[in-house]
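# Structural characterization, general
The chain contents come next:
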Amino acid sequence: MRIRRLRSRAALAVVTAAVLGAAGCDGGGGASSGAHSKSGTAAKAKPAPLWDSSPSSVAAVGDSITRGFDACTVLSDCPEVSWATGSSAEVDSLAVRLLGRTGAAERSWNYAETGARMADLPAQMTQAAARRPQLVTVMVGANDACRASASAMTSVADFRTGFEESLRTLRRALPKTQVYVASVPNLKRLWSQGRTNPLGKEIWKLGICPSMLADADALDSAATERRDTVQDRVEAYNKVLEQVCATDERCRFDGGAVYDYRFGTDQLSHWDWFHPSTNGQARLAEIAYRRVVARTPVT
């Protein structure tokens, strides 16, 4: 009888061990399960983020603002103080902040042109794409609004077509290059700041942005309506930049940061009271850097 009981207990122990083993359990509270996960399929690696906050090369396209026009000497480009690619220590450009001074000198390029409008951007994009940069900066639109008259401004539809074509041009060559898009500056604020300086108003009479700046002291209904029309067009351009950029997963609009910036006369060129001074270029570089290195885009 005793031998029979011992055999029964042994059989029960074997069955119990088999059941526990099949369930993956042991006295360690699941250690065998953990061992299985380590020796089995490895955990899937997280996909790389679409936006790289530390690109290794930068190309700039756009207009006179990105060329540093009138920031150093009268009626001259001064690309060394460009907010995007300049080498000036006073500005600490986006390229210098991202690449270092030596890296910026070797791996940043400025294809902006003084006087350029949106219609000129596709050709600039072609030039920039040839360098195969990891980041392209865009600042354009002021010249589309700054025309001889409000009626001569670039239409919103044409502005949209030009920007869409520019992105397509880039994407055909560089599907993964990132794009940072700065908003068009607030031209009405420029008028309100610059008109406080008698010399600035005299310079404006030479034909600087007449759609907004002509007859700077006029406050009658016609002048007010003209300025409001220009301002509305600038806001419409910014909406286009935001909307088109949003269709491209590797494009970041600045969220209106340049347009919203409360610049004063220190940020304006004292040659023409229109273009950014060296100080103004430094402020643009700060804005761009914050947007480019941010983990998520501004909404």
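Relevant structure appears above.
To keep things clear, this report deals only with the structure shown in the data block.

Criteria and cut-off values
- Residues numbered from 1 in each chain as written.
- Predicted model: local features only at pLDDT ≥ 70, side-chain atom pairs only at ≥ 80, totals over all residues.
- Heavy atoms only, no water.
- Helix = DSSP H or I, 4+ residues; strand = E, 2+ residues; numbered from the N terminus.
- Buried < 20%, exposed > 50% of the residue type's maximum accessible area, 1.4 Å probe, protein only.
- Contact = heavy atoms within 4.5 Å.
- Areas by Shrake-Rupley, 256 points an atom, 1.4 Å probe, with all protein chains shown as cover.
- Pairing = 2+ DSSP bridges.
- Axes fitted to C-alpha atoms, helices over the stretch in contact; angles between N-to-C directions.
- Parallel < 35°, antiparallel > 145°, perpendicular 65-115°, else oblique.
- Nonpolar A, V, L, I, M, F, W, Y, C, P; charged D, E, K, R; others polar.
- Left-handed = near helix turned anticlockwise from the far one by under 90°.

## Some details on the overall build of the protein chain
- Of regular secondary structure, the protein chain possesses 13 helices and 5 strands.
- Within the protein chain, buried positions represent 48% of all 299 residues.
- Sequence-distant contacts in the protein chain: of pairs separated by 6 or more residues, those separated by 24 or more amount to 71%.
- Only carbon and sulfur atoms are counted for the fraction: they give 54% of the accessible area of the protein chain, which is about 15300 Å².

## Focus: the pairing of strand E1 (residues 58-62)
- In terms of burial, E1 is a largely internal element, 5 of the 5 residues being buried.
- On E1, burial covers both faces: Val-58, Ala-60 and Gly-62 on one face and Ala-59 and Val-61 on the other are all buried.
- Summarising the sheet, E1 and strand E2 (residues 108-110) pair through 3 bridges and their orientation is parallel. By the bridge assignment for E2, Val-58 is matched with Ser-108.
- Direction of pairing for E1 relative to strand E3 (residues 135-139): parallel, over a ladder of 5 bridges. Paired with Gly-62 across the two strands is Met-139, which belongs to E3.

## Thoughts on the packing of helix H8 (residues 187-194) against helix H11 (residues 221-246)
- Running from N to C, H8 and H11 cross one another at 135°; their axes reach a closest spacing of 8 Å. Here H11 runs oblique to H8, going by the angle between their axes. Of H11, the residues touching H8 (which contributes Leu-187, Lys-188 and Trp-191) are Arg-227, Asp-228, Val-230, Gln-231 and Val-234.
- Split into classes, the residues belonging to the contact of H8 with H11 amount to 4 nonpolar, 1 polar and 3 charged.

## Re the packing of helix H7 (residues 156-173) against H11
- Close contact between H7 and H11 brings their axes to 10 Å; oriented N to C, the two are set at 30°. Taken together, H7 and H11 sit at an angle that is classed as roughly parallel. Here the hand of the crossing between H7 and H11 comes out right-handed. Where H7 approaches H11, its residues Val-156, Phe-159, Arg-160, Phe-163, Glu-164 and Leu-167 are matched on the opposing element by Arg-233, Ala-236, Tyr-237, Val-240, Leu-241, Gln-243, Val-244 and Cys-245.
- Here the residues of the contact of H7 with H11 sort into 10 nonpolar, 1 polar and 3 charged.

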